[in-house]
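One letter stands for each residue in the lines below.
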Amino acid sequence: MPSDQNSNDNIIEACCIEHVYPDGTRAICNLEFYVKKGECVAILGPNGAGKTTLLLHLNGILLPTKGSVIVKGIPVTKRNLPKIRKIVGMVFQNPDDQLFAPTVEQDVAFGPLCQKLPIEEVRRRVEWALKVTGLEEVRHKPPHHLSGGQKKRAAIAGVLAMRPEILVLDEPVAGLDPESKMTILGILKDLKERGGLTLVIATHDVEVAAILADRIYLMKNGSIIAEGEPRRIFSDEELLHMASLYPPKPIRIVRMLRQKGVPIPEDVVPLTDEELADLIANVVISGRR
Amino acid sequence: MGLFPDFWLINEYAENGDSPLHRIHPIAKLVTVLAITVLVVITYNLETLVALLLLTFFLCLLTRASPRYFISWLSVPFLFGFSISIMLPFTVPGRALLSVDLLLFKVTLSIEGVMQGLIIILKVVTAALAIFMVVLTTSHFELLYYVQKAFPRTLSVMLLLTFRYVFLVIDEMKRMREAVGARGGSLIRTFFENIKLFGNILGAFLIRTMERAERVYTAMEVRGFDGTIRLLSPHKKFSATDMAFLVSSLSSLSLLLWITTEVEILAI
């Protein structure tokens, strides 16, 4: 059970939620989930674990069959949906489902125009969102002329222009080439660190969680099987095996180095390539001495 | 080069092409096309229609797209016009151009019927050319922006979504055709052998489309969609060049109408 669940700085609180689809499939059951303001939470799990179903509850696309979801003190109910959707922005897995306007600029403007903001404010937000996502050059292009990475960035820009406090992303880097993946991760990191945005990311990519997340929820078969800081979750091999996942590459390399007799303490858990490079450099330098 | 207009090619040319017509304001081009269409609809004078066809073809040449494209794409409107007018030479009474005695009855082709058929084909082909001219040289967003303003709300939403998703549908169809081709099938060659399979493919395609429609609607709804797609107005301003283009194209059309009418009066 999450230890900080009743803390006052929680921006999202989901209590005992359960969702049963019309065909009788129990997608999530008895879930306890919370997110603190300004943190990045990754929901990790294999395909079919219920990650997307959980995300869809956060801005009321789905309402729980049992239990409740509270965002910034407001219960997620049909009546509160307009308020909730101003706070929680959702980026879907497939950008082609989200980009429907004839040009990138028009798609980014869609949300603010629906909020009926003054036209000058809409243009300001569009400029800002295009700048943050690096899409100024392609603003007049139709979405079908964009690459996969650009489409994903356009989808994020469309939600950012609505200035949500919480950004919920479903598989933000699925199907992208390494460069586009790093660009998206850079944008999200910036939004969190400089913009103070709260991020909730559903992914089965452990590298994404290792780079971005402050906290991880591990899901399997519609239930949360673990919650905690990335280093703790990723160093528990048995737990990851239960969720059909592997630890991030730096941790796997450290394990192999230990097996080959390199003296690396058990409590050292590098999450990123930079942390691994620092660790290896330290080992090499101390070996020379 | 296909006989059917290639949407991807047209869209690419409209968005990234560079011709004198690309620089003209969409309203100036739309008014010109509207004027051509109105003239095409109201006139039954063969000379006027031929002159309109030549003028429209000249405007199409200004797009700097290969005339081969227009000519091949015109085959569909031509066949449409031809299918409407095929019976006219046999049914419209008038002077006989050709008469064939069959055993039980006599078949006569009338000059008036042939002329009426030709007029219908000219009307269809000229209107299609005028549309090719505008869709090849105008950013499709700008075109949709002005066209949808004339439509009721539901139709304008449908128009905007159709433009966006027609490309995805074409891609999806292409991928399915390739998947059939990769396993030795062909939508045409093995159509009758695999008719059940193609039925299943079409069914799957429809289900996929419906699922996508639901996902698109959900994505729109969470951004506050209330039944109206609001758009930012395009940046392009109506300049003196646009006005000059509009005035000169409308003057040319008036002059053309006047000359051909005069010729007809003189002939009478």
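Reference entry: report on the structure contained in this document.

## Some words on the overall build of chain A
Helix and strand counts for chain A stand at 12 helices and 10 strands. In chain A, of all internal contacts separated by at least 6 residues, the share reaching a separation of at least 24 is 64%.

## Things to note about the packing of helix H6 (residues 148–160) of chain A against helix H7 (residues 178–193) of chain A
Residue and element names in this part refer to chain A. Running from amino to carboxyl end, H6 crosses H7 at an angle of 15°, the nearest separation of the two axes being 9 Å. For the element pair H6 / H7, the angle class is roughly parallel. For H6 against H7, the interelement crossing comes out right-handed. For the pair H6 and H7, contact is made by Gly148, Gly149, Lys152, Arg153 and Ile156 and by Ser180, Thr183, Ile184 and Ile187, respectively.

## Thoughts on the sheet that holds strand E2 (residues 26–36) of chain A
All names here are of chain A. What the 4 strands build is an open sheet, ordered E2-E1-E4-E5; its pairing is antiparallel. Every other strand in the sheet has two partners, leaving E2 and strand E5 (74–75) as the edge strands with one partner each. Pairing of strand E1 (residues 10–20) with E2 involves 7 bridges; the strand directions are antiparallel. Each residue of the ladder has a partner; that of His19, found in E2, is Ile28.

## Let's talk about the nonpolar core
Side chains of nonpolar character tend, in soluble globular proteins, to be buried together. Ala42(A), Leu44(A), Val168(A), Ile201(A) and Leu212(A) are the most contacted members of the largest nonpolar core, which totals 99 residues. Not counting the four nearest positions on each side in its chain, Leu212(A) is found in contact with Cys40(A), Ala42(A), Leu185(A), Leu188(A), Lys189(A), Leu199(A) and Ile201(A). Among the nonpolar cores identified, the runner-up in size contains 26 residues, and Tyr13(B), Leu52(B), Phe70(B) and Val124(B) belong to it.

## Brief notes about the environment of Val71(A)
Residue and element names in this part refer to chain A. Mapped onto the elements of the fold, Val71 is located in strand E4 (residues 66–71). The spacing of Val71 and Asn10 is 61 residues in sequence and 8.5 Å in space, taken between C-alpha atoms. The residues contacting Val71, other than those within four sequence positions of it, are Ile11, Ile12, Val76, Ile84, Ile87 and Val88.

Thresholds, definitions, all that
- Residues numbered from 1 in each chain as written.
- Chains lettered and ligands numbered in written order.
- Predicted model: local features only at pLDDT ≥ 70, side-chain atom pairs only at ≥ 80, totals over all residues.
- Helix = DSSP H or I, 4+ residues; strand = E, 2+ residues; numbered from the N terminus.
- Contact = placed C-beta atoms within 7 Å.
- Axes fitted to C-alpha atoms, helices over the stretch in contact; angles between N-to-C directions.
- Parallel < 35°, antiparallel > 145°, perpendicular 65-115°, else oblique.
- Left-handed = near helix turned anticlockwise from the far one by under 90°.
- Pairing = 2+ DSSP bridges.
- Core = buried A, V, L, I, M, F, W, Y, C linked by C-beta atoms within 7 Å.
- Buried ≥ 20, exposed ≤ 12 C-beta atoms within 10 Å, placed from the backbone.

Remember that the coordinates give geometry; whether it matters functionally is a separate question.
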